[in-house]
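The lines below spell out each chain.
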Amino acid sequence: MRYKLGVARKDTVHILYGIMAVVLGMTVWQWIPEQAFADYSSPALPCDGSFYQIRTPGTSVNTSLYRLQLDTSGTYTEQEIGPLSQAFTGMNAMGYNPLDGYLYALASAANGGINFHLYRLNDSGVVTDVGLVSGLNADGGTSGMAGGTFGPDGTMYVIQTVAGQPIRLSKINLTTMTSTYVTLSKTIPQGDIAFDPISGALYAVEAGQNAPLHTIDTTTGAVSDIGSTSKINGSA
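Everything numeric in this text was worked out from a predicted model, so none of it was measured.

Enquirer: So, the overall build of the protein: which residues are in play, and what are the values?
Expert: Scanning the protein for helices and strands turns up 1 helix and 16 strands. Per-residue burial over the protein gives 49% buried out of 236 residues.

Enquirer: Can you explain the sheet that holds strand S13 (residues 192–195)? Please cite residues and give values.
Expert: Here we have 4 strands laid out as an open sheet, ordered S13-S14-S15-S16, and antiparallel in their pairing. Strands with a single pairing partner mark the edges of an open sheet, and in this sheet they are S13 and strand S16 (223–228). This sheet shows a mean twist of 25° between the axes of neighbouring strands, independent of strand direction. Relative to S16, strand S15 (residues 212–216) runs antiparallel, the two sharing 5 bridges. Across the sheet, residue leucine 213 finds its bridge partner in S16, namely glycine 227.

Enquirer: Break down the sheet that holds strand S11 (residues 168–173) for me, with residues and values.
Expert: Strand order in the open sheet formed by 4 strands is S9-S10-S11-S12, and the pairing between neighbours is antiparallel. For this open sheet the edge positions go to strand S9 (143–150) and strand S12 (178–183), each flanked by a neighbour on one side alone. Taking the axes of each pair of neighbouring strands and ignoring which way they run, one obtains an average angle of 30° across the sheet. Where S11 lies against S12, 6 bridges are found, and the strand directions are antiparallel. Across the sheet, leucine 169 pairs through a bridge with valine 182, a residue of S12.

Enquirer: Tell me about unusual backbone geometry, and name the residues and values.
Expert: Excluding glycine, a negative phi dihedral is what most residues carry, and trans is how most peptide bonds are arranged. Positive phi values are uncommon outside glycine, yet phenylalanine 116 reaches one of about 65°. In this fold, phenylalanine 116 is placed in the loop between strand S6 (103–107) and strand S7 (117–121).

Enquirer: So, the packing of aromatic side chains: which residues are in play, and what are the values?
Expert: Using the criterion set out here, one finds 3 aromatic pairs in the structure. Relative to phenylalanine 150, the ring of tyrosine 104 has its centre 5.6 Å away and its plane inclined at 55°; by these criteria the two rings are tilted. Of the two residues, tyrosine 104 is situated in strand S6 and phenylalanine 150 in strand S9; the sequence distance between them amounts to 46 residues. No difference in accessibility class separates tyrosine 104 from phenylalanine 150, as the two residues are buried. When the ring of tyrosine 157 is compared with that of phenylalanine 195, the centres are 5.2 Å apart and the planes differ by 65°; the resulting orientation is edge-to-face. Of the two residues, tyrosine 157 sits in strand S10 (residues 156–162) while phenylalanine 195 sits in strand S13, which places them 38 residues apart along the sequence. The exposure class assigned to phenylalanine 195 is buried, which follows from its relative accessible area of 7%. Above the plane of the ring of tyrosine 102 lies arginine 120, whose end atom (NZ or CZ) is 5.4 Å from the centre. Sitting over the ring of tyrosine 181, arginine 168 keeps its end group 3.7 Å from the ring centre.

Enquirer: Go over the pairing of strand S3 (residues 64–70) with me, naming the residues and quoting the values.
Expert: The side chains of a regular strand alternate between the sheet's two faces. Counting buried residues along S3, 6 of its 7 residues qualify, which places the element largely inside the surrounding structure. Two strands pair when backbone bridges link them, and S3 and strand S4 (residues 76–83) are joined in this way by 7 bridges, in the antiparallel orientation. In the strand pairing of S4, serine 64 is matched with proline 83. Taking the residues between adjacent antiparallel strands as the criterion, S3 and S4 are bridged by 5 residues, where glycine 74 takes a positive phi near 95°.

Enquirer: Talk me through the pattern of salt bridges; I want residue IDs and the actual numbers.
Expert: Tallied over the full model, the rule gives 2 salt bridges. With a shortest N-O distance of 3.0 Å, lysine 186 and aspartate 225 are connected by a salt bridge. With lysine 186 in the loop between S12 and S13 and aspartate 225 in strand S16, this residue pair connects regions lying 39 residues apart in the sequence. For aspartate 225, a relative accessible area of 52% corresponds to the exposed category.

Enquirer: I'd like a description of the side chain of asparagine 97, backed by residues and values.
Expert: With respect to the helices and strands, the residue asparagine 97 is situated in the loop between strand S5 (92–96) and S6. For asparagine 97, the side chain forms a polar contact with the main-chain nitrogen of leucine 99, separated by 3.0 Å. Excluding residues within four positions of it along the chain, asparagine 97 makes contact with Tyr102, Tyr104, Phe150, Gly154 and Leu174.

How each quantity is defined
- Residues numbered from 1 in each chain as written.
- Predicted model: local features only at pLDDT ≥ 70, side-chain atom pairs only at ≥ 80, totals over all residues.
- Heavy atoms only, no water.
- Helix = DSSP H or I, 4+ residues; strand = E, 2+ residues; numbered from the N terminus.
- Buried < 20%, exposed > 50% of the residue type's maximum accessible area, 1.4 Å probe, protein only.
- Pairing = 2+ DSSP bridges.
- Axes fitted to C-alpha atoms, helices over the stretch in contact; angles between N-to-C directions.
- Phe/Tyr/Trp six-rings, centres within 6.5 Å; stacked < 30°, edge-to-face > 60°.
- Lys NZ or Arg CZ within 6 Å of the ring centre and 35° of its normal.
- Salt bridge = Lys/Arg side-chain N within 4 Å of Asp/Glu carboxyl O.
- Polar contact = N/O pair within 3.5 Å; in protein donor to acceptor, adjacent residues only side chain to side chain.
- Contact = heavy atoms within 4.5 Å.

Have a look at this one:
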């Protein structure tokens, strides 16, 4: 089963609460500014503290969107919104854009998408192809997208693995649809990333049991170790 998770909320989130959400899948936990969402033809996601997950069951031919309500005890209720409007068999690097209220994700040709294209999802699972992000394939080879998130300024950050090269942190400008990157100082096995809305730090959690937690400098790519997230499985 492949899945990714995002969250739309307006209030500040405690860091440990956010880290717990990270290891469930893709999560985004930025503070949502008080402003009108962009005027797209499809509804944005409600700013009500819900988590959103895109999941492809092993026997399914299409990815579905789910809404989850997580309480302080770590349990949640789940509602299936329905299959995405386009027949994907997986998406990755999903994040919630605080500037317009929509989810964004990447999908490869192998999963029903177009390589290096960015997709926007609304609250009912309608998918819009935003277009090619130039620079994601700057190496000219094959690339894989792991965790994704948004900064408070609307910049999208993606952990990108490139065959034969060090892992990189790619930064996508949604206005120009261009990408630049910094090489990470340390390899982080595929996991997830999220911003702390209080400090502005970018956190990364590795895959696996007792997954190690790190911070990433978005300017230099320097990775700093924090320690193990005891009793948490960081698989994405």
